[in-house]
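Below are the chains, spelled out letter by letter.
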Amino acid sequence: MHYDRVYEKICSYGDGMSSNKKYKVSVRSLIEYSLRSGDLIFDFGSNNRTLEGLFAHQKIQKNMGDGYQAEVHVSKIINFPSFDMHISGRIDGLYEDEGLFIIDEIKSTYVPLDDIDEDFNQLHWAQAVCYGFIYAEQEELSALTLQLTYINLDHDSIKRLRKKYTFQQLKKEFYDYVDAYGRWIEKLERWNNIKLLSIKELDFPFDRYRNGQRELAVAVYKTIKEGNGQKLFARAPTGTGKTLATLFPAIKAIGEGHGEKIFYLTAKTIGREVADKTLMLLENHGLRLRRIILTAKDKVCFLEHRDCNSGECPYTKGYFDKLNDALDDILQQNDRIDRQTLLDYAEKHQMCPYEFSLDVSNYCDVIICDYNYAFDPRVALRRYFTEESSELILLVDEAHNLVDRGRDMYSSALYKKPMLEMKNLVKSEDDYLTKLFNNVNKSFIEFRKICEANDGVYKQKDYSDKFLKQLRKLHKYTEEFLNEHKKVAYKDQLMELFFEINNFIKIAEMYDDNYMTYYEKLGTDVMIKLFCLDPAEFLKKIHDGVKAIVVFSATLLPMQYFIDLLGGDAESYRMHLASPFDQNNLELLFNTSISTKYKHRERTYDQVAHCIYNAIRHDQGNYFAFFSSYAYMNKIIDYFMEEFKEINILAQKQGMNEEEKEEFLNQFKGGKEETMVAFAVMGSSFSEGIDLIGDRLQGVIIVGVGLPMICFERNIIKEHFDHRYHKGFEYAYVYPGMNKVLQAVGRVIRTEEDIGIGVLIDERYGQRMYQKLFPNEWSHGRYVYHETQLNNEITSFWHRQSTMPFEENTSIPYTKIKADTKKL
């Protein structure tokens, strides 16, 4: 479409008003799409660069005098046949000089100003052209002057370039950009119409909802429809069909204009696979939806040794020259973009697969990815999670994992040893860099002395300003050094340390009452850690900026704990669903005659081993025995192997890779030809997120109450929540521990046909503190106090199952807990 015809059509609409769908486009996005070209360059990205640029802009604007207007908003609506393009932006500066208006576009840079001329960056001129045209048309100007003002952040020096444009020149160039971007939006709009029609016609893919599934789906839909950052916390037991019950209503909501994009966030690979399969199910029933599964950079890089910052990667060369064609290619051919599809197209177009995946995600309706992409300040997708992210819908799966993950995301640690090693490496290259590393190393020596005077570890409620200033200087100069010395032998080590320092500085800028700083002597090394005790405020900032967020898991107990720590509030909706499974399918026994407390373990090893044996000997098949730690598990394994040689043993090892984990699970075969017990640790990949259905798993034995090991960090958390809620021990130890127990027991019954046993060993299961955390579906559990009673209960259970015909259970009612202040 030629710009004259576009312009004629605009004039025919008069004021630009229409009932078409509105596409909001920033001036920057408009020209980046139309003119992007060149290599993909990974800037080291100084932590303060954005802030430095902002201050430089403000300084120039302030010094330009009273006649200078700063941050002038301009906008224009262009009506296409099926959509309206709303273009807007802010002119950095506007003033009059010698009878002509000057449009001033300010750019901060570290490039020497002598290297900048009129051809330095055409995107900068194009941005000014767009501002110039919109302003000239608005004010009916026949000509004006465009000015690029470059300020060098190293030297505070300024260089100005000017070009005079007539209105017709501005108009032609502007509509060239509009034409290119408009043709792209037309393709998006055609896809959007196909998508919306398919959503409108999409029905629930089964004849009936599972018990509780419809109620959850309705609650999700209402939460999204209400919008404004509304939150729903849902405890949905295994079998509810929570993935479908969250995705289906979210998609329906998008079809009705309540949101634009879904982020399905998970902690583990299995969660991403389940979401993907659920969307495949809906596609088989007519849904057309673009989705992408994001994968970590290291797992998709084509190179054996990834080196993003050297400028030598062949997949960064001409990246932006190829991007538009590559996007058109992959999106026209694929609704579902998984890792292999992404790699195929990235290889075809010779592009960095990771960056390509992020660019493709801009045009996908569902993004399936790890929590990090939304919540981690180091890797969060800033292109989405900004003040303009209000149409995003977040579905947070297995959200019980987000508490500790959130703490990790907002914490940061540095160690002395790498600083000293790097000082010795750079001393032959750069005296000033050596000096900066030496200063930081001296601070670590001071930290070590503090630790030695305080039994090896010391905590305080703030951090050293002196140390942070040293890090800022080191960080800034290291960035300059790396840009000038791209091929030093220790480059990888220095870059890794650079990014660790960068993250420490970033976390320090977030530091508030939810943090504690501690120093710890670790052998010959010393660590300083900015430890986030409560991530709620940081997570809440993300929540509040989106359309709606649904936080769900089978084990959100106690609910208030998760609301407190995951950014909820009194206005957040919350609901509990009953298990859809027949309670009689799970024989749940609590053996409270054995203490597994640390101080009692040595004298109860034999009792635990015999209890495990008595639990598994009545029915052949596969069993899991879960423990709170590897050390405890290994002690029991030694005793068990000595006493019960006829039983096949499988043991989890620390640090197992994906292939080893898969091989481990492959040992769980059906058929019941012999008995196997697998020893594993609660909280690991084997205690949650796996499905061993049918006769692949006969039962689980839980040894202990899952409490995390007593340690310095957990005790800091305890002190913090003692002060805040008077529940320090519960928040630091009991609740996280029992969540692991709930997950582990949940491995037994995965479908309506599954049957099995769960034996929980610990005297504390008889205490009120722990019993209050039992879910409703555990109400049929029984207590056993000696070996004979345990044997009788299990024997009776397996006998009943062998003589009882299977009847599908449909009678369990739906129950819920209403919100504190309002109803869904």
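The structure under discussion appears in the preceding block.
Everything numeric here is computed off the predicted structure, so don't read it as measured data.

(A) Structural view of the layout of surface pockets. Quantified by volume, the second largest pocket comes out at close to 590 Å³. Along the walls of the second largest pocket sit 23 residues, with T596, K597, Y598, K599 and R601 positioned nearest its centre. Those elements that place two or more of their residues in the lining of the second largest pocket are α22 (630-643) and α25 (728-745). By residue number, the principal contributor to the lining of the second largest pocket is α22, which donates three residues.

(B) Broad picture of the sheet that holds strand β16 (residues 525-532). Taken together, the four strands give an open sheet; going across it, the order is β13-β16-β15-β14, and neighbouring strands pair in antiparallel fashion. The sheet terminates laterally at β13 (412-415) and β14 (457-460), the two strands that pair on one side only. Strand-to-strand, the axes of this sheet are offset by a mean angle of 15°, without reference to chain direction. Here eight bridges tie strand β15 (residues 515-522) to β16, and the two strands are oriented antiparallel to one another. Along β16, the bridge assignment pairs K521 with V526. Those strands touched by helix α18 (residues 491-510) are β13, β15 and β16, and its axis lies near 135° from that of β13.

(C) Up close: the pattern of salt bridges. Scanning all chains against the criterion turns up 38 salt bridges. Notably, a salt bridge pairs E587 with R800, separated by 3.5 Å at the nearest N-O pair. Residue E587 is located in strand β19 (residues 586-591), and its partner R800 is located in helix α27 (residues 787-803); the two are separated by 213 residues in the primary sequence. A salt bridge links D722 to K718, with the shortest nitrogen-to-oxygen separation between them at 3.2 Å. Here K718 and D722 lie together in helix α24 (residues 712-725), a separation of four residues that amounts to about one turn. In this structure D722 comes out as partly exposed when scored by relative accessible area, which is 30%. A relative accessible area of 28% places K718 in the partly exposed class. Residues participating in the shared-partner salt-bridge network are D276, E283, R291, R336 and D338.

(D) Layout of the environment of A136. Along the polypeptide, A136 turns up in helix α4 (residues 122-139). With 34 residues separating them along the chain, A136 and L170 place their C-alpha atoms 8.7 Å apart. Excluding its chain neighbours within four sequence positions, the residues that come into contact with A136 are L141, L144, F167 and L170.

(E) The arrangement of the pairing of strand β12 (residues 392-396) in detail. For β12, a buried count of five out of five residues is recorded, marking the element as mostly surrounded by other parts of the structure. The side-chain alternation of β12 yields two buried faces, one formed by L392, L394 and V396 and the other by I393 and L395. When strand β8 (residues 261-266) meets β12, the two strands line up parallel, connected through five bridges. Looking across to β12, one finds that F263 is bridged to L394. Summarising the sheet, β12 and strand β17 (residues 548-553) pair through four bridges and their orientation is parallel. Bridge pairing in β17 links L394 to I549.

About the thresholds
Residues numbered from 1 in each chain as written. Predicted model: local features only at pLDDT ≥ 70, side-chain atom pairs only at ≥ 80, totals over all residues. Heavy atoms only, no water. 1 Å grid on protein atoms, 1.4 Å probe; cavity = no way out; pocket = protein on both sides within 12 Å on 5 of 7 lines; lining within 4 Å. Points joined across faces, edges and corners; volume = space filled by probe spheres on them. Helix = DSSP H or I, 4+ residues; strand = E, 2+ residues; numbered from the N terminus. Pairing = 2+ DSSP bridges. Axes fitted to C-alpha atoms, helices over the stretch in contact; angles between N-to-C directions. Contact = heavy atoms within 4.5 Å. Salt bridge = Lys/Arg side-chain N within 4 Å of Asp/Glu carboxyl O. Buried < 20%, exposed > 50% of the residue type's maximum accessible area, 1.4 Å probe, protein only.

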